[in-house]
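Survey of secondary and tertiary structure
The primary structure of each chain is shown beneath.
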Amino acid sequence: MEAQGREEAGGCAGAPGGPLFTREEVARRNSSREAWLVIHGRVYDVTRFLAEHPGGEEVLLEQAGRDATESFEDVGHSADAREMLKEYYIGEIHPHDRKNEGSKEPNVTSSGQTSFWSTWLIPIFGALVLGLMYRYYMLDGKSS
Ligand code: HEM
């Protein structure tokens, strides 16, 4: 029952399903004596899990005290692994601190803009080069 409530809370970022923690509080739990990490705005105490993690304790310790969302997703954890998260759930990142997490987004946007330009500039440049090559080829053909 409790787990269900937590899941619902996770679905809606505005409705915290557990105690709220600041990122600073999480950052302090970055050792093998106490290891917390953040995945999708939720805080997990993985201290008990360190020795059991199939991916090894080093990777967890590396992420301890931090937002591990990206690394967790990069590994492509199974549905079972996601299910296991519930066991270590202790609360949510404070809504004020979620903005910090989102600070990655402007980077994505700005790099998105860069990729927008490269997406357009590269084909335009390529078309120009091809056009010029075609012209030279045609002129060459006529002169010889
Ligand atoms: C509470 C959080 C986590 C849980 C419950 C968890 C659980 C698991 C489980 C059950 C596996 C076995 C494979 C699978 O079922 O997907 C696994 C593998 C692995 N995990 Fe995690 N994991 C967590 C966090 C992390 C983090 C933060 C990293 C950071 C890089 C990580 C890296 C890995 C790696 C590298 C493997 C091995 C993958 C392989 O051998 O194919 N895990 N994890």
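Reading the values: rules and limits
Residues numbered from 1 in each chain as written. Predicted model: local features only at pLDDT ≥ 70, side-chain atom pairs only at ≥ 80, totals over all residues. Heavy atoms only, no water. UniProt positions renumbered as here; feature names shortened; annotations may be inferred. Donors = N, O, S within 2.8 Å, 3.2 Å for Na, K, Ca; no water. Tetrahedral: all angles 85-135°; square planar, octahedral: opposite > 155°, others 65-115°. Helix = DSSP H or I, 4+ residues; strand = E, 2+ residues; numbered from the N terminus. Buried < 20%, exposed > 50% of the residue type's maximum accessible area, 1.4 Å probe, protein only. Salt bridge = Lys/Arg side-chain N within 4 Å of Asp/Glu carboxyl O.

The chain has the name Cytochrome b5 type B in an unreviewed UniProt entry, where Tinamus guttatus is given as its organism. One UniProt comment on the chain, placed under Subcellular location (unreviewed entry), says "Membrane". Listed in UniProt under the heading Sequence similarities (unreviewed entry), the comment for the chain reads: "Belongs to the cytochrome b5 family."

On to the coordination of the iron atom of the ligand. For the iron atom of the ligand, the full set of protein donor atoms is His-53 (NE2) and His-77 (NE2), at a range of 2.0 Å. Taken together, the six donor atoms coordinating the iron atom of the ligand and their angles of 87 to 179 degrees define a geometry best described as octahedral. Of this pair, His-53 sits in the loop between strand 3 (42-45) and helix 3 (57-63) while His-77 sits in the loop between helix 4 (69-75) and helix 5 (79-88), and the two are 24 residues apart along the sequence. Note on His-53: relative accessible area 13%, which makes it buried.

As a further point, take the pattern of salt bridges. Tallied over the entire structure, the rule returns five salt bridges. The partner of Arg-23 in a salt bridge is Asp-67, with the nearest N and O atoms 3.9 Å apart. Of this pair, Arg-23 sits in helix 2 (residues 23-28) while Asp-67 sits in the loop between helix 3 and helix 4; the two residues are 44 residues apart in sequence, bridging distant segments of the chain. Between Glu-73 and Arg-82 there is a salt bridge; the shortest N-O distance is 2.9 Å. Taking relative accessible area as the criterion, Arg-82 reaches 34% and is therefore assigned partly exposed.

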